[in-house]
Amino acid sequence: MTVNWAQILFNSVITGSIYLLGAVGLSVTYGLSGFPNFAHAEFITLGAFIGYFVAEQLGLGLPAALIVAFLVTGIVGFLCYRGVFQPLAKRGASIIHLMVASIALGFILRYSIGAAWSWHPLYFTTTWSAFDVGPLRVTGLWLWLIFVAVGLAFIMHLILTRTKIGKAIRATSSNPELALASGINIDRVIWITWFVGGGLAAIAGIFRGADTQIWPMTGWDIILPMFAVAILGGIGNFYGAIAAAFVIGLAENVGVVALIAVGLSTEYRMAIPFLILIITLIVKPQWLAMLFRRA
Amino acid sequence: MLLYGLDFLVFVGIFGIVALSLNLEFGFAGLANFGKVAFFLVGAYTYAVLSQIGVPFYLCLITAAVIAAAFGFVISLPALRLRADYLAISVLAFGEILRLLIKAEHGIAGGVWGITVSPAISLAGVSYRVDLLVNIGLVYFCLLICFIVAQLLANSPYGRVMRAIREDEVAAEALGKDRAKYKAQIFMIGSAMAGLAGGLYAQYLQFIDPYMFMPMITFTVWMMVILGGPANNWGALLGAGLVEFFDRGANLAKDYLVLPVDPSNLQYILFGALIILVLFYRPQGLLKESPIKTKALELVRYGRGVVNNKPGK
């Protein structure tokens, strides 16, 4: 069996880009708010459906879909935190209660989406031209995905390092008490991360939906790989999450080749990030984070 | 309608057992088991495979519980040292891996196509109604045993240790309670109960496939415990009854009511809203945590009463 390794590397970048967009928000809100938000899956789903609505039902095209989905889902993410998680945390809810609340909120969003659209899978009808670059098979959608993911990662890097709000986010994530004492409005910092995290998840959802299908479980199907990325990269660690997204993307795509080579079902592909997740948690959480620990 | 009610009772019984087991783990010991369905699955498939090779049903059920407990023990070794959120995520992932395994390996139990299971007690030529009554007897017998075990555990020095670990595990450890050992034991007992319930579920439905063991089952059981009242065994049973009742209600509403929203969607939207409301306004659930009833504590209280009433003090 000849393996087209260039294609596998390219596919890893595709998978990694979706995971990057989906997991950065999860990781940062997990770090700042102190609990894993399972409803993040529904932010991904909601983004996919809004993207479908704008691009297909209104016919406004992909760029408009990306922007609208980012804004609407970002606001939903902010409202979820402001309306449910923040008041719950202020009432002294334990981390388990916050996790259960996020699952409950996920139900509300998922089944509302199911009621608003339907449970039948939807597909983007836009056909993306495929062309060959050397040994690679590339589609326009994938180029868009890489462009958007890398572009947004770069913009966020600039925001985190060059702007006042970026400095406030970094200060809050490394030491909330000290940030508060320095006069940073911590609540506002956390609201912004929930907004941006939700928006990025929406973009991940659009690309995931365009690549596979859109249905109310679109987000839930990939929430565990998202957790794998967040935990491998170190919870709350932006650069760690970017690295981990591509590590897990690579592991999945190389893993499929390995699965075929040893004669196992390719259904185990999804088990690869799960295994990485469990092993990371058990052996040593946040090992990748140490590589990216910044002074 | 009667048959429907009896079927409902069987489900309440089976999920009552699972809710009791989660209540032990989460309610009393504070363990966030988000992979409950994994142990339910282990029990169901153990029962299915064993019953196919002709093992009698009681041995199938016992083995289902034992194997689920063994799985619980193996998982508990690394997982229980983790923080609550890490434990939740890793056990959830474990359940999904297990489901993928069953789905992909057609050799184990029919893979994605599922497997038919012979009923525990099959009487020749009886009506469906009698069959249901037999099932109710079996399920509620198991539920009774689990309930007694749970009550004994809760109202014993062991129960106090569980609560101590939930409230402050470092303090419990400082008082000489080996938290890892206690957590592993609780996890094993909880998993055994879930496995038993899985076995009952498999024999009652007489067919299982991997799609019947989605993480949704875990969250349904969590709803039962949160709603009914964590750390209260009666609450867990009440929660099981209520959640199943709403579930059935939504299914009936689908046939008889015309609503702008599909009832099967509306049901889960309401469930989600209800859980959030409970967490906001009544985090202790419908029934509050039951006070511990042990001989020693009663003596202490009684003794104090005597001292306080002593004349001339």
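Just so it is clear, the structure is predicted and the values come from calculations on it, not from any experiment. (Residues numbered from 1 in each chain as written. Chains lettered and ligands numbered in written order. Predicted model: local features only at pLDDT ≥ 70, side-chain atom pairs only at ≥ 80, totals over all residues. Heavy atoms only, no water.)

A.B. asks: Even after reading the chapter, I still don't get the overall build of chain B, so can you show me in this structure?
C.D. replies: Of the regular secondary structure elements, chain B holds 13 helices and two strands. Relative to the globule expectation of 20 Å for 313 residues, the C-alpha radius of gyration of chain B, 21 Å, shows essentially globular dimensions. The principal-axis extents of the C-alpha atoms in chain B amount to approximately 75 × 45 × 40 Å. The proportion of buried residues among the 313 residues of chain B is 54%. The contacts of chain B with a sequence gap of at least 6 include a subset with a gap of at least 24, amounting to 81%. Counting every atom, chain B has about 13,700 Å² of accessible surface; 69% of that belongs to carbon and sulfur. (Helix = DSSP H or I, 4+ residues; strand = E, 2+ residues; numbered from the N terminus. Rg over C-alpha atoms; globule rule 2.2 N^0.38 Å. Buried < 20%, exposed > 50% of the residue type's maximum accessible area, 1.4 Å probe, protein only. Contact = heavy atoms within 4.5 Å. Areas by Shrake-Rupley, 256 points an atom, 1.4 Å probe, with all protein chains shown as cover.)

A.B. asks: What's the story with the overall build of chain A in this structure? I'm lost.
C.D. replies: Scanning chain A for helices and strands turns up 13 helices and two strands. Here the C-alpha atoms of chain A give a radius of gyration of 19 Å, agreeing with the 19 Å that 2.2 N^0.38 yields for 295 residues. By its C-alpha atoms, chain A is 60 × 45 × 35 Å across when sized along the principal axes. Within the span of chain A, comprising 295 residues, buried residues form 55% of the whole.

A.B. asks: What is the right way to read helix α5 (residues 140-162) of chain A from this model?
C.D. replies: Residues three or four positions apart in an α-helix share a direction because the helix packs 3.6 residues into each turn. Its 23 residues place the ends of α5(A) 32 Å apart at the C-alpha level, agreeing with the 33 Å of an ideal helix rising 1.5 Å per residue. All of the buried residues in α5(A) are A:Gly140, A:Leu141, A:Trp142, A:Leu145, A:Ile146, A:Val148, A:Ala149, A:Ala153, A:Met156, A:Leu160 and A:Thr161. (Expected span 1.5 Å × (residues − 1).)

A.B. asks: What is the right way to look at the nonpolar core in this model?
C.D. replies: Side chains that are nonpolar tend, in soluble globular proteins, to be buried together. Ranked by internal contacts, the top residues of the largest apolar core, which has 212 residues, are A:Phe85, A:Phe207, B:Phe34, B:Ile208 and B:Phe213. Ignoring sequence-local partners within four residues, the contact set of A:Phe207 consists of A:Ile18, A:Leu21, A:Leu62, A:Leu66, A:Leu141, A:Trp144, A:Leu145 and A:Val148. (Core = buried A, V, L, I, M, F, W, Y, C linked by side-chain atoms within 4.5 Å.)

A.B. asks: Looking at this structure, how should I read the packing of aromatic side chains?
C.D. replies: Two aromatic rings are characterised by how far apart their centres lie and by the angle between their planes. Under the defined criterion, the tally for this structure stands at 44 aromatic pairs over all chains. Judged by centre distance (4.5 Å) and plane angle (20°), the ring pair of A:Tyr111 and B:Tyr268 falls under stacked. In this pair, A:Tyr111 is assigned in helix α4 (residues 95-116) and B:Tyr268 in helix α12 (residues 263-281), connecting two distinct chains. For the pair A:Tyr111 and B:Tyr268, one class covers both residues: buried. Between the aromatic rings of B:Phe34 and B:Trp222, the centroid separation amounts to 4.9 Å while the plane-to-plane angle is 70°, which identifies the pairing as edge-to-face. Taken as a pair, B:Phe34 in the loop between α1 (2-28) and α2 (36-52) and B:Trp222 in helix α10 (residues 215-228) lie far apart in primary sequence, 188 residues in all. (Phe/Tyr/Trp six-rings, centres within 6.5 Å; stacked < 30°, edge-to-face > 60°.)

A.B. asks: Just checking my understanding: could you explain a nonpolar patch on the surface for this structure?
C.D. replies: Residue and element names in this part refer to chain A. A cluster of nonpolar residues, Trp5, Leu9, Leu250 and Val254, forms a patch on the protein surface that exposes about 360 Å² of accessible area. Contributions of two or more residues to the nonpolar patch are made by α1 (5-33) and α11 (238-261). Relative to the elements of secondary structure, Val254 occurs in helix α11. (Patch = residues over 30% accessible without salt bridge, like charges linked within 9 Å, V, L, I, M, F, W, Y side chains within 5 Å. Salt bridge = Lys/Arg side-chain N within 4 Å of Asp/Glu carboxyl O.)

A.B. asks: What is the right way to read the pairing of strand β2 (residues 136-139) of chain A from this model?
C.D. replies: Two faces make up the sheet, and in a regular strand the side chains alternate between them. All names here are of chain A. Relative to β2, strand β1 (residues 130-133) is paired through four bridges, and the arrangement is antiparallel. Of the residues in β2, the one forming a bridge with Phe131 is Val138. The antiparallel pairing of β1 with β2 creates a hairpin that spans two residues between the two strands, and Gly134 there sits at a positive phi of about 60°. (Pairing = 2+ DSSP bridges.)

A.B. asks: Which parts of the structure should I look at to understand unusual backbone geometry?
C.D. replies: Residue and element names in this part refer to chain B. The backbone phi angle of Gln206 is positive, close to 60°, even though this residue is not glycine. Tracing the backbone shows Gln206 in the loop between α9 (179-205) and β2 (207-208). For Gln206, a relative accessible area of 33% puts it in the partly exposed group. You will see that Ala231, though not glycine, has its phi angle at about 65°, which is positive.

A.B. asks: I'm lost on the interface of chain B and chain A in this one. Help?
C.D. replies: The figure often quoted for interface size is the accessible area lost as the parts come together. In this assembly, 43 residues from chain B lie in contact with 44 residues from chain A. Between chain B and chain A lies a buried interface of about 3,700 Å² when both sides are counted; carbon and sulfur atoms form 81% of it. Considering only the surface of chain B that becomes buried against chain A, B:Tyr86, B:Ile89 and B:Phe280 emerge as the three largest contributors, covering 18% of it. At the junction of chain B and chain A, the tally comes to zero salt bridges. Inspection of the region where chain B meets chain A yields three residue pairs in polar contact (both at pLDDT 80 or more). Those elements giving two or more residues to the side of chain B that touches chain A turn out to be α4 (84-104), α10 and α12 of chain B. Top contributing element to the side of chain B that touches chain A by residue count: α4(B), with 15 residues. Of the residues belonging to the side of chain B that touches chain A, the class tally is 32 nonpolar, five polar and six charged. (Buried area = accessible area lost by both parts, 1.4 Å probe. Polar contact = N/O pair within 3.5 Å; in protein donor to acceptor, adjacent residues only side chain to side chain. Nonpolar A, V, L, I, M, F, W, Y, C, P; charged D, E, K, R; others polar.)

A.B. asks: What should I look at first to understand empty space enclosed by the protein in this one?
C.D. replies: Rolled over the atoms, a probe as big as a water molecule pinpoints where empty space is left. If you walk through the whole model with that rule in mind, you get two cavities of 30 Å³ or more. Within this model, the largest cavity holds a volume of roughly 80 Å³. If you go around the largest cavity, the residues you meet are A:Val100, A:Ile103, A:Ala104, A:Phe107, B:Phe34, B:Phe219, B:Trp222, B:Met223, B:Ile226 and B:Ile275. Those elements that provide at least two residues to the lining of the largest cavity are α4 of chain A together with α10 of chain B. Split by residue class, the lining of the largest cavity holds 10 nonpolar, no polar and no charged. (1 Å grid on protein atoms, 1.4 Å probe; cavity = no way out; pocket = protein on both sides within 12 Å on 5 of 7 lines; lining within 4 Å. Points joined across faces, edges and corners; volume = space filled by probe spheres on them.)

A.B. asks: I'm lost on the packing of α1(B) against α10(B) in this one. Help?
C.D. replies: Any two packed helices are characterised by the angle at which their axes cross and by the distance between the axes. Residues and elements named next belong to chain B. Two numbers describe how α1 lies on α10: the axes approach to 9 Å, and their chain directions differ by 70°. With respect to α10, the element α1 is oriented roughly perpendicular. Across the interface between the two elements, Phe15, Val18, Ala19, Leu22, Asn23 and Phe26 from α1 touch Ile217, Val221, Trp222, Met224, Val225 and Ile226 from α10. Among the residues making up the contact of α1 with α10, the classes are represented as 11 nonpolar, one polar and no charged. (Axes fitted to C-alpha atoms, helices over the stretch in contact; angles between N-to-C directions. Parallel < 35°, antiparallel > 145°, perpendicular 65-115°, else oblique.)

Function cannot be inferred from these measures alone, as they are strictly geometric.
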